[in-house]
Amino acid sequence: MKFIDSGDTAWVLASAALVLLMTPGVAFFYGGMVRVKSVLNMMMMSVGAMATIGVIWVLYGYSESFGTSWHGLVGNPFQHFGLSNLLSGQQSIYGFVPAQAGATAHGGIPAMAFVAFQAVFAIITVALISGAIADRAKYSTWLVFTVIWATVVYFPVANWVFSFNGFSSPRGGWIANQLKAIDFAGGTAVHINAGAAALALALVLGKRIGFNKDPMRPHNLTLVMLGAALLWFGWFGFNAGSALTGGNTASVVWVNTMVATSAACIGWLATERIRNGHATSLGAASGIVAGLVAITPACSSVTPLGAIAIGLIAGSICAMAISLKYRLGFDDSLDVVGVHLVGGIVGTLAIGFFASASAPAAVDGLFYGGGVDQLWRQAVAAGAVLLYSFTLAGLIGLALHKTMGFRIDQDAEVSGIDIEEHAETSYDLGSLGGGGLIRAGTAMFGSQTASPSTTTATSDRQGATS
């Protein structure tokens with residue numbers, strides 16, 4: 001039993017605020033990559049996830065994720081319903097208030113600080129999925145999907161991966177405690193989970209009108225770069241904050257997060273340069289995100305040199321993976337699959353190769369003499385989360401598609417989802433001239449034409465990257 005440490009509590013609460021900022025970062029990142037007629041809807045999908053997941057996390061999401069686990073599969077959703085039994089900061093893992101004043105079962109921080117930190121993980125995981133179905137999903141159906149998917153997929157998977165025996169409950173999830181796979185901050189629970197769900201929804205909703213035929217270029221690369229900057233900034237809370245203490249582990253994780261991201265940006269830009277002859281701003285932003293994704297599970301288990309290797313590998317592989325949607329024929333609008341699913345798999349498996357016992361996790365991978373013991377554990381964890389999320393997301397999406405309808409009609413998709421779903425446009429071009437310009441601008445948003453001479457940063461990416 002530990003006592004509450006005010007310094008650790010301040011670090012965790014500050015980290016939670018950094019991670020919360022990442023979801024608006026996703027909104028800017030995704031919003032800049034869609035066409036003008038879809039910007040508000042794209043950003044509203046992230047805002048909607050903040051709204052729905054924020055509420056259900058307090059009601060039962062935390063309890064389902066970190067309550068006493070039923071057979072290592074899901075926490076008791078009624079144990080902490082509404083969180084009223086955690087308000088004192090002294091709640092024991094066994095359901096009673098410890099005799100020692102100020103004692104806590106949450107590693108030196110109040111229970112509600114841990115609740116806050118994990119809440120923002122749940123929010124951003126759901127928001128990430130939205131990039132795969134840009135331009136064509138009904139907003140109301142999306143909101144319903146966020147609630148159902150979080151309830152039956154994210155919360156149980158968070159229990160599998162993040163709930164350790166004796167921390168927030170006496171019995172936690174199977175990946176953390178039986179399999180003993182390493183996922184420090186969410187390579188499986190967040191990125192593989194969201195990427196697999198994104199792939200399932202992209203298949204359920206089908207291709208956008210004009211996919212692989214019409215130019216679907218990012219409308220505002222400045223927003224994309226801003227979003228990438230906010231994500232990189234917030235990710236230090238995401239990774240280093242997962243140490244739950246402001247000590248050595250957080251410091252090592254911080255440095256690994258920085259250098260892996262830098263290396264991934266280089267890897268992506270080099271791949272672009274070799275393949276297309278240009279190093280682009282979109283590629284730089286995409287490489288940043290790919291590096292952040294890949295280092296997330298591995299940041300406590302590798303040396304800085306290992307982090308550089310993971311970043312370079314992830315940046316290069318993800319840069320090549322984004323073209324899979326054209327070869328395989330699925331329309332993942334903003335490349336959630338190519339970056340988050342592929343990047344999450346790369347980072348999760350890389351632990352089995354690059355882990356070093358000199359890092360805080362104290363495990364050796366294949367390249368450090370540890371054999372394949374950790375590698376198979378990482379592979380099982382990645383595969384289990386991928387299959388579970390893909391299957392359940394597909395079933396949920398299909399059920400909603402058949403009942404509520406998940407895709408807007410063709411006329412609305414062509415004219416613009418912002419007008420159809422929100423009765424707004426992102427840029428009021430009418431204020432620049434006469435009243436007739438609004439109609440002209442709206443028509444332009446709908447057609448989104450481009451001259452043949454217009455060039456793109458990456459010719460085979462008609463959409464963008466997530």
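Keep in mind that this is a model prediction, so the values were computed, not measured.

Student: Break down the environment of Phe184 for me, citing the residues and quoting the values.
Tutor: Tracing the backbone through its elements, the reader meets Phe184 in the loop between helix 5 (174–179) and helix 6 (187–205). With 164 residues separating them in the primary sequence, Phe184 and Thr348 have C-alpha atoms 9.8 Å apart. Non-local contacts of Phe184, meaning those with residues more than four positions away in its chain, are made with Phe162, Asn239, Ser242, Ala243, Thr249, Val253, Thr296, Pro297, Cys299 and Ser300.

Student: Outline the packing of aromatic side chains, listing residues and values.
Tutor: Tallied over the entire structure, the rule returns 22 aromatic pairs. Judged by centre distance (4.3 Å) and plane angle (10 degrees), the ring pair of Phe121 and Phe238 falls under stacked. Taken together, the residues span a long stretch of sequence, with Phe121 in helix 3 (residues 111–129) and Phe238 in helix 7 (residues 221–239) at a distance of 117 residues. With centroids separated by 5.2 Å and ring planes inclined at 85 degrees, the aromatic side chains of Phe354 and Phe367 adopt a geometry described as edge-to-face. In this pair, Phe354 is assigned in helix 12 (residues 336–354) and Phe367 in the loop between helix 12 and helix 13 (373–403), connecting sequence segments 13 residues apart. For Phe354, a relative accessible area of 15% translates into the label buried. Through a chain of ring-to-ring contacts, the aromatic side chains of Trp57, Tyr60, Tyr62, Phe66, Phe114, Tyr154, Phe155 and Phe167 assemble into a single cluster.

Student: Go over the layout of surface pockets with me, naming the residues and quoting the values.
Tutor: Computed from the structure, the largest pocket encloses a volume of approximately 570 Å³. Lining the largest pocket we find 22 residues, and of these Phe162, Phe164, Asp183, Phe184 and Ser242 sit closest to its centre. For the lining of the largest pocket, the secondary-structure elements that each account for two or more residues are helix 3 and helix 4 (139–162). For the lining of the largest pocket, the leading source of residues is helix 3, giving 3 residues. Looking at the lining of the largest pocket residue by residue, the classes come out as 15 nonpolar, 5 polar and 2 charged.

The rules behind these values
Residues numbered from 1 in each chain as written. Predicted model: local features only at pLDDT ≥ 70, side-chain atom pairs only at ≥ 80, totals over all residues. Heavy atoms only, no water. Helix = DSSP H or I, 4+ residues; strand = E, 2+ residues; numbered from the N terminus. Contact = heavy atoms within 4.5 Å. Phe/Tyr/Trp six-rings, centres within 6.5 Å; stacked < 30°, edge-to-face > 60°. Buried < 20%, exposed > 50% of the residue type's maximum accessible area, 1.4 Å probe, protein only. 1 Å grid on protein atoms, 1.4 Å probe; cavity = no way out; pocket = protein on both sides within 12 Å on 5 of 7 lines; lining within 4 Å. Points joined across faces, edges and corners; volume = space filled by probe spheres on them. Nonpolar A, V, L, I, M, F, W, Y, C, P; charged D, E, K, R; others polar.

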